[in-house]
Amino acid sequence: MPRLSSLEELRPSPRLICVLVLVSYFFVTAGIAYDIINEPPAVGGQTDPVTGAVKPMTFMPYRLNGQFILEGLSGGFFYTLGGVGIILLDLSRDKNQSVLFRNVYLALGLAITILSYLVCMVFIRIKMPGYMR
């Protein structure tokens, strides 16, 4: 068994640490602990009063402390996507990159961050109709 000359050989790469932090951030914001403890259904259902058919519901309306599984996963995805956009905005400030890459990072970071914000606001309006109007 070879001996390690130093702890430098055991150090994980910064990219691996960033990926692990983003994955754990996704799990936390998606509410995986809530899903494991409370075991909610993946989607809900609402009966149509006219036809009597059951229509699927992705969001649990009027309940901020409850969620369906797909609701949590989609919310966590867009929170994480916003975090990736902010990381791209930070990468656009790197002076060692070419101007083209900096502009691409800036445009992509702005687009992703704004998209994530707008989708999260749509989710809040679906979850709580009439909130902040």
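For the chain, the name recorded in an unreviewed UniProt entry is Oligosaccharyltransferase complex subunit, with Volvox africanus as its organism. If you open the UniProt record of the chain and go to Sequence similarities (unreviewed entry), you find "Belongs to the OSTC family." According to the UniProt record, the Subcellular location (unreviewed entry) comment for the chain is "Membrane".

Engineer: Honestly, the nonpolar core in this entry has me stumped. Any pointers?
Structural biologist: What tends to happen in soluble globular proteins is that the nonpolar side chains get buried as a cluster. Within the largest apolar cluster, 8 residues are counted, these being F59, F78, L81, L88, I112, V119, C120 and F123. At the level of elements, α3 (69-91) and α4 (99-127) are the ones that each hand at least two residues to this core. Element by element, the count of residues in this core is highest for α4, at 4 residues. If near-sequence neighbours (up to four positions away) are discounted, F123 is found in contact with F59, S74, G75 and F78.

Engineer: Is there a simple way to think about the packing of aromatic side chains in this case?
Structural biologist: The relative placement of two aromatic rings is captured by the distance of their centres and the angle of their planes. As enumerated under the stated definition, the model contains 5 aromatic pairs in all. For the pair F26 and F27, a centre-to-centre distance of 5.8 Å together with 50 degrees between the ring planes defines the contact as tilted. Assessed through its relative accessible area of 43%, F27 is described here as partly exposed. Ring centres of F101 and Y105 lie 6.4 Å apart, and the angle between their planes is 35 degrees; on these two criteria the pair is classed as tilted. Taken together, the residues F101 and Y105, both in helix α4 and 4 residues apart, mark about one turn of the helix. Note on Y105: relative accessible area 23%, which makes it partly exposed. An aromatic cluster of at least three residues, connected via ring pairs, comprises F59, F77, F78 and F123.

Engineer: What am I meant to see in a nonpolar patch on the surface here?
Structural biologist: Nonpolar side chains collect at one region of the surface, where L106, L110, I114, Y117 and L118 lie side by side and expose about 480 Å² of accessible area between them. Secondary-structure assignment places L118 in helix α4.

Engineer: Would you mind going over the side chain of S116 with me for this structure?
Structural biologist: Position of S116 among the secondary structure elements: in helix α4. With a relative accessible area of 4%, S116 lands in the buried category. Not counting the four nearest positions on each side in its chain, S116 is found in contact with F78, Y79, L81 and G82.

Engineer: Honestly, unusual backbone geometry in this entry has me stumped. Any pointers?
Structural biologist: Working note: non-glycine residues mostly have negative phi, and peptide bonds are mostly trans. The backbone of E39 shows a phi angle near 50 degrees, a positive value even though the residue is not glycine. Mapping E39 onto the fold places it in the loop between α2 (32-38) and β1 (44-47). You can call E39 exposed: its relative accessible area is 66%. For Y62, which is not glycine, the phi dihedral falls at a positive 65 degrees. Tracing the chain through its elements places Y62 in the loop between β2 (54-57) and α3. Owing to a relative accessible area of 58%, Y62 belongs among the exposed residues under this scheme.

About the thresholds
- Residues numbered from 1 in each chain as written.
- Predicted model: local features only at pLDDT ≥ 70, side-chain atom pairs only at ≥ 80, totals over all residues.
- Heavy atoms only, no water.
- UniProt positions renumbered as here; feature names shortened; annotations may be inferred.
- Core = buried A, V, L, I, M, F, W, Y, C linked by side-chain atoms within 4.5 Å.
- Buried < 20%, exposed > 50% of the residue type's maximum accessible area, 1.4 Å probe, protein only.
- Helix = DSSP H or I, 4+ residues; strand = E, 2+ residues; numbered from the N terminus.
- Contact = heavy atoms within 4.5 Å.
- Phe/Tyr/Trp six-rings, centres within 6.5 Å; stacked < 30°, edge-to-face > 60°.
- Patch = residues over 30% accessible without salt bridge, like charges linked within 9 Å, V, L, I, M, F, W, Y side chains within 5 Å.
- Areas by Shrake-Rupley, 256 points an atom, 1.4 Å probe, with all protein chains shown as cover.
- Salt bridge = Lys/Arg side-chain N within 4 Å of Asp/Glu carboxyl O.

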